[in-house]
Each structure stands twice: as structure tokens, then as C-alpha cells.
Amino acid sequence: MSKKYFGTDGIRGKVGQYPITPDFMLKLGWAAGKVFAREGSSKILIGKDTRISGYMFESALEAGLSAAGVDILLTGPMPTPAIAYLTRTFQADAGIVISASHNAFADNGIKFFSALGTKLADEIEHAIEAQMDMAMTTVDSSILGKARRIGDAPGRYIEFCKASVPSGFNLRGLKVVLDCANGATYHVSPAVFSELGAQVIEIASSPDGVNINEKCGATDTAKLQERVVAEQADLGIALDGDGDRVIMVDHLGEVVDGDELLMIIANYLKQAGDLPGGVVGTLMTNFGFEQACKRLEIPFVRANVGDRYVMEQLAARGWNIGGESSGHIICKHLSTTGDGTVAALQILVAMNATGQSLAKIKKVMQKLPQQMINIKMAKKVDLQKSQTIQQLVSEAESRLAGSGRVLLRPSGTEPVVRVMVEGENPELVLEVCEDLANKVETALESLVC
């Protein structure tokens, strides 16, 4: 039914290597329940996206938690950020999302949130891992966990999103095409924008269990781009399957990616005097973003790829804004995790305040040309410790003469090394990337031998 996928917001370590099966979910529910029940009475909230396997895994998780004596709150299909919010609202001890985010319907995974709507602390993760190795037992029938459904969960989240914009703000006169990726936002995000006054044209908002992220959403904006132009809309908004990512399209049908959206928000807050500190990107953030930050005098740091690492940097520095090129944008002063709907609203607030279209306001940064080549790696090599490879990187960087950057990064999911080069001159970028990829491939072959 499902592939080996364990959500990046979930537990790390060896548990993350298990195939996602009903048996696994039953045991995981029990293990998590045992850990959270140690402090006395406990309740855990469960949400899911729209993929068909969610029904099966929800039941298995529910059974495991009940066997551990933990009460369960069920929301049905809801965006990942909604579960983070509702976990706090209902004062649950934890929140669980059954979702494979932007992946195809055959995949599934699981994400955990703490009582504060944040990632689980390492000690909790380790405790659940340890519990997975124990034999499963069931509490006395008199103290089995009880389950109930939260009927007003969608309405609560809609109001939460609307509350993220200034009082009196509205979208009257704005025509928006909204792509819900046939995912978890299908019944909430259209209401958010329409209740704020926008004319909303919905696409990919009819999930059937298997069409989530299928040629739609934040990972495939072709249909959205066509529809925005055909409808002469002001802009388009594309969310992903679990609603924590957003990519937008301007009225010309041009894609506005996560880097550009993050810069729009950061610059607007900077000009409004509401940007404490700076902004966090990742190793993959476009070099043009970094150049714009220097010009605008906005402090900028790069985290490792993954929203967990972006949030860690934000927390450590006391900053509020960070995100990834993929559209996973964190507004920490508004939400405890990435939220595609909330992030889109912040873009609309900035547009409204400045009187600029999306096509114009995105010009605050100029994306630099980027080339990426994947090289197969037969054996894992520590690139940082290889003097040969680091020398090749230095030579490539010198050819860019300060007008770009070079990044070598092992993939976290494939046996490949990603060679990325960015710079102001597209021809030079392509030349440097191809040359470096060939040399790195030769170097890796010699290291393996």
C-alpha cells in the first residue's frame, strides 16, 4: 500500500527506516501513547491529508493509542499546520499528522508535533524509539483510551488563518486562482480567501484519495499558470498536499517561488519596522536572495536543507522569518510551523500595503541563473574531508569571481551528489557546473577505488 516514507517532521533515527504499514502504525501509536501517558492522563490529536491510505493508518494509530490508555481527538483531513495549531488549542499532549506532504498518493508518512505545536524534543523522540523495541501490551479495559471527532476543526483553522492578517484587512476586488493540490486544504483554504473578500476560482480541490499532488499543487504549477492567464486573474496560489508549502503565480503566468516569496515578506516587514533580526534560508536558497539581503541590510544565514533546521536557526537567533525555495515558509510570529495559506496571506498583505502587483513586488530580488547536475555515488564519501574535492570547489568558485557560488550536497534520499552552480552569467554558470561535475565524478571514482 505504501512505500518506505517517514515524514521529515517525524521521528528520526532507526524508526524512520521502517516501512509504513498498518502493523507499524499500530505499534507506533502504542509506543507514542506509552511515552506520553507516563505523566498521567494524556490525549493526542490526529489529522491526515486526503490520500486513501490515511483511513487505514488513522484507524491503526487510534487503536495503538487506545491500547496505551491515551484519549484521541480526530480531525479528519486537515493541513499539517492546522494540526500544529489545534494541538495547542485543545491542549493536547501531542499532535500527529498522517501525510506524505508533496509526494504521490502511494506514499505515506507521519509527522509529530509537541504540545506547543513544534517539533518533538530529542528526548521524546528517543523515548518513543526505545518503546518500539518493547513488547506491546494493552492497558486494563477500564482505562482504554477514548476517541472523539472534532467537528468544528475546519472552522477553527479558517479563523486562525484569517487572524494572521491585520484587523480590517480585506481582499475585495482581488481575483485569485487557488490550487489545493487535491490535498488537505481543499475545504479550508478556499474559505479563508473568499471570506476575506477575494473572488476565488478553485482548481484541484476535489480529492478522491488518489489524485493528491497529481499534476497540480506547489510541485506542478503548469495548470495554475494557464488558468491564471485564461481567467485574467490577479494571481494564483498553489499549495501542496498537506498545506505547508506555497508557490505563487503572477498575473503574467510567471512562477514566484519560495525564495522570492520569502524575500517579499522579509522586505515588507523590514520596511514596516517589524523584522527583528534577519531571515533564515537554506543551502539551496538562490544567491540572488543573499545579494538582495546585503543590499537591503537584512541579516541572512543559511541552514541545512529542511524546515527543522530552518526553525532551529530561527529559535536560536530569536528571528521570525525563514524558509526554503520549495515554498515552505515559516512566519514564527504567526505560526509554529510552515503554513502555505498563512504565508500566502502575508504576501497579499505586502501587496496591499505597497499597492504593487505580485509581478512588480517580486522584483525586490533578482534570481540568478542556476545549474544542477546529479552525480551517482557508489559509496558514501565525506565531501568536506576530501581535500581533492574541496580544491575542485575552490577552483570553480574562483572562476565565478565573487558573482556566484558553488554547492556540493549529498542527497538525503538518493545515492547521488548534487553539484549546483549559481552566478550572474548563465553561460559561465553552465560551463563551470559541467566542468566541476565531470571532475567531481572522476574524483569520486578514484576515492571509491
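Worth saying up front: this structure is predicted, and the values here are computed from it rather than measured. (Residues numbered from 1 in each chain as written. Predicted model: local features only at pLDDT ≥ 70, side-chain atom pairs only at ≥ 80, totals over all residues. Heavy atoms only, no water.)

## Digging into the sheet that holds strand S9 (residues 246-250)
Then step 1. Reading across the sheet, the five strands line up as S7-S6-S8-S9-S10 and stay open at both edges, with mixed pairing between neighbours. Only two strands of the sheet have a single partner each, and these edge strands are strand S7 (199-203) and strand S10 (255-256).
Then step 2. Note that strand S8 (residues 235-239) and S9 share five bridges and pair antiparallel. Counted as the bridge partner of leucine 235 is aspartate 250 from S9. (Pairing = 2+ DSSP bridges. Helix = DSSP H or I, 4+ residues; strand = E, 2+ residues; numbered from the N terminus.)

## What to know about the sheet that holds strand S16 (residues 404-410)
Then step 1. Strand order in the open sheet made by the three strands is S15-S17-S16, with antiparallel pairing throughout. Single-partner strands in this sheet number two, and they are strand S15 (370-376) and S16. Adjacent strand axes in the sheet meet at a mean angle of 15°, parallel and antiparallel pairs treated alike.
Then step 2. Bridging between S16 and strand S17 (residues 416-423) involves seven bridges; their strand directions are antiparallel. Directly across from valine 406, in S17, lies its bridge partner valine 421.
Then step 3. Relative to the sheet, helix H13 (residues 387-400) contacts S16 and S17, its axis offset from that of S16 by approximately 155°. (Axes fitted to C-alpha atoms, helices over the stretch in contact; angles between N-to-C directions. Contact = heavy atoms within 4.5 Å.)

## Description of the pairing of S17
Then step 1. Of all eight residues making up S17, eight are buried, and the element is well covered by its neighbours.
Then step 2. By the alternation rule, side chains of S17 split into Val416, Arg418, Met420 and Glu422 and Val417, Val419, Val421 and Gly423, which are all buried.
Then step 3. In this structure, S15 lies alongside S17, joined through seven bridges in antiparallel fashion. If you follow methionine 372 over to S17, its bridge partner there is methionine 420. (Buried < 20%, exposed > 50% of the residue type's maximum accessible area, 1.4 Å probe, protein only.)

## Comments concerning the side chain of aspartate 339
Then step 1. Along the chain, the position of aspartate 339 falls in the loop between strand S14 (329-331) and helix H11 (340-354).
Then step 2. In this structure, aspartate 339 is buried with no salt-bridge partner, the nearest side chain bearing the opposite charge being arginine 88 at 8.7 Å.
Then step 3. Here threonine 341 takes part through its backbone nitrogen, which lies 3.1 Å from a polar atom of the side chain of aspartate 339.
Then step 4. Residues within four places of aspartate 339 in sequence aside, it is in contact with Pro81, Tyr157, Phe160, Gly243, Asp244 and Ile329. (Lys, Arg positive; Asp, Glu negative; His and termini not counted. Salt bridge = Lys/Arg side-chain N within 4 Å of Asp/Glu carboxyl O. Polar contact = N/O pair within 3.5 Å; in protein donor to acceptor, adjacent residues only side chain to side chain.)

## Some remarks on the confidence of the model for the chain
Then step 1. On average, residues of the chain score 92 in pLDDT, and 94% of them are at 70 or above.
Then step 2. Every residue in residues 1-16 scores below 50 in pLDDT, and together they form 60 contacts with partners more than four places removed in sequence or on other chains. (pLDDT = per-residue confidence, 0-100.)

## Observations concerning the environment of glutamate 195
Then step 1. Position of glutamate 195 among the secondary structure elements: in helix H6 (residues 189-195).
Then step 2. Distance in space between the C-alpha atoms of glutamate 195 and glutamine 225 is 24 Å, their sequence separation being 30 residues.
Then step 3. The residues touching glutamate 195, leaving out its near neighbours within four places in the chain, are Ile158, Glu159 and Lys162.
Then step 4. Only 2.7 Å separates the side chain of glutamate 195 from the side chain of lysine 162, close enough to count as a polar contact.

## Some details on the nonpolar core
Then step 1. Residues Phe193, Ile237, Met248, Val279, Leu348 and Leu358 are the most contacted members of the largest nonpolar core, which totals 68 residues.
Then step 2. The leading source of residues in this core is H11, at nine residues.
Then step 3. In contact with leucine 358, not counting residues within four places along its chain, are Leu235, Met248, Val249, Asp250, Val256, Ile264, Ile347 and Met351.
Then step 4. Core analysis: the next-biggest nonpolar cluster, separate from the first, contains 29 residues, Ile72, Leu74, Ile96 and Leu120 among them. (Core = buried A, V, L, I, M, F, W, Y, C linked by side-chain atoms within 4.5 Å.)

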